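One letter stands for each residue in the lines below.
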Amino acid sequence: MLWITRFSGFFSAALAVLLLSPSPLSFSTVSAIRSSYPDADFRESPTFRNSDECRYSGEDSGVCSPYYVHVAITLDIDYLRGSIAAVNSILQHSICPENVFFHFIVSEINLESLIRSTFPKLNLKIYYFAPETVQPLISSSVRQALEQPLNYARNYLADLLEPCVKRVIYLDSDLIVVDDILKLWKTGLGPRTIGAPEYCHANITKYFTGAFWSDKRFNGTFKGRNSCYFNTGVMVIDLKKWRRFGFTKRIEKWMEIQKIERIYELGSLPPFLLVFAGHVAPISHRWNQHGLGGDNVRGSCRDLHAGPVSLLHWSGSGKPWLRLDSKLPCPLDTLWAPYDLYKHSH
């Protein structure tokens, strides 16, 4: 099949790996977590080392090292398998994997020991995101998964992460990276606060209700803006600008309006469109081949957009680990499988 030929190069250039000593975490600690979460049983990842061309290893320098590539991902027990596969894919394709620093956002305790036992040499920090921070602002959505407080943690990265972290790549948990993450990190944002692949052919009006478009308080929001749809699952964020201009409060304001006026049906995406659409630094589409999860029709599979691919994103209702386990995978789900560290998945 065509997609097999297209991606054969991704897996032929494997990085050399060196297995190190086991994690120092006690067996009882990790066992207790796995007793609480029976699906959280993962193999330990190989340790990936920097190539000779890397300027700095990042060891013992703390989160503020200027050499780090900062990546933020949420850890949720329902999507944990996806998050771990995403991390594994980033490490496998990084020329300087030891220079990548992961900021994991959690709303449940006890996940830190599990992630450290899976990636014992990973540069990481865990941040607790209190659900009550955003719970009063969340409205009902078309899918219950979109209503989870952790889905809104991306709105608060500027508050959660240290002030010395001035830029971060935010990634959803249902994707894999098949290119060097440093290329995405180096993307220029110019005067913009966020960068993301834009899709200007998409009809942005459909993301808002008739109540939005019929109300003169709202329908001029996009006037004078070349407002294009973008997916918030892959973003490069200038946290320094975000903090300076108070974008968290701007997003919260729209969420407050939504609670009263019902101006959209989706979860965390529409407030981002309202605040940023037309003010986004465009990033190559190769960095978010999204929609691979299909829609709500059981068994619906999506193909890739035309062009090169650096990141595959299973946004939508179908997740590759669930479809693989059910023995009803879509063709592209097999590209996710090599990064899966779940012990009982094969």
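Residues numbered from 1 in each chain as written. Predicted model: local features only at pLDDT ≥ 70, side-chain atom pairs only at ≥ 80, totals over all residues. Heavy atoms only, no water.

Draft legend 1. Local environment of the overall build of the chain. Helix and strand content of the chain: twelve helices and 13 strands. Each of the 346 residues in the chain was classed as buried or not, and the buried ones make up 56%. Considering only contacts within the chain whose residues lie at least 6 apart along the sequence, 75% involve residues at least 24 apart. (Helix = DSSP H or I, 4+ residues; strand = E, 2+ residues; numbered from the N terminus. Buried < 20%, exposed > 50% of the residue type's maximum accessible area, 1.4 Å probe, protein only. Contact = heavy atoms within 4.5 Å.)

Draft legend 2. Looking closely at the environment of A72. If you trace the backbone, A72 turns up in strand β3 (residues 69-75). Distance in space between the C-alpha atoms of A72 and D172 is 8.7 Å, their sequence separation being 100 residues. Those residues in contact with A72, other than ones at most four positions away along the chain, are H103, L157, V168, I169, Y170 and L171.

Draft legend 3. Up close: the environment of L335. The topology assignment puts L335 in helix α12 (residues 333-336). With 15 residues separating them along the chain, L335 and P320 place their C-alpha atoms 9.2 Å apart.

Draft legend 4. Focus on the confidence of the model for the chain. Per-chain confidence: the chain averages 85 in pLDDT, with 83% of residues scoring 70 or above. This model gives residues 1-37 a pLDDT under 50, and the stretch forms 59 contacts once residues within four places in sequence are excluded. (pLDDT = per-residue confidence, 0-100.)

Draft legend 5. Geometry of the environment of Q148. For Q148, the location among the structural elements is in the loop between β5 (123-128) and α5 (157-160). Judged by its relative accessible area of 39%, Q148 is partly exposed. Along the sequence, Q148 and D76 sit 72 residues apart, while their C-alpha atoms lie 9.9 Å from each other.

Draft legend 6. A look at the nonpolar core. In this structure, L157, F208, F230, I237, W242 and F276 are the most contacted members of the largest nonpolar core, which totals 50 residues. For this core, the element with the highest residue contribution is helix α10 (residues 269-276), accounting for six residues. Excluding residues within four positions of it along the chain, L157 makes contact with A72, I105, V168, Y170, I237 and L239. Among the nonpolar cores identified, the runner-up in size contains 39 residues, and V71, L80, A281 and L341 belong to it. (Core = buried A, V, L, I, M, F, W, Y, C linked by side-chain atoms within 4.5 Å.)

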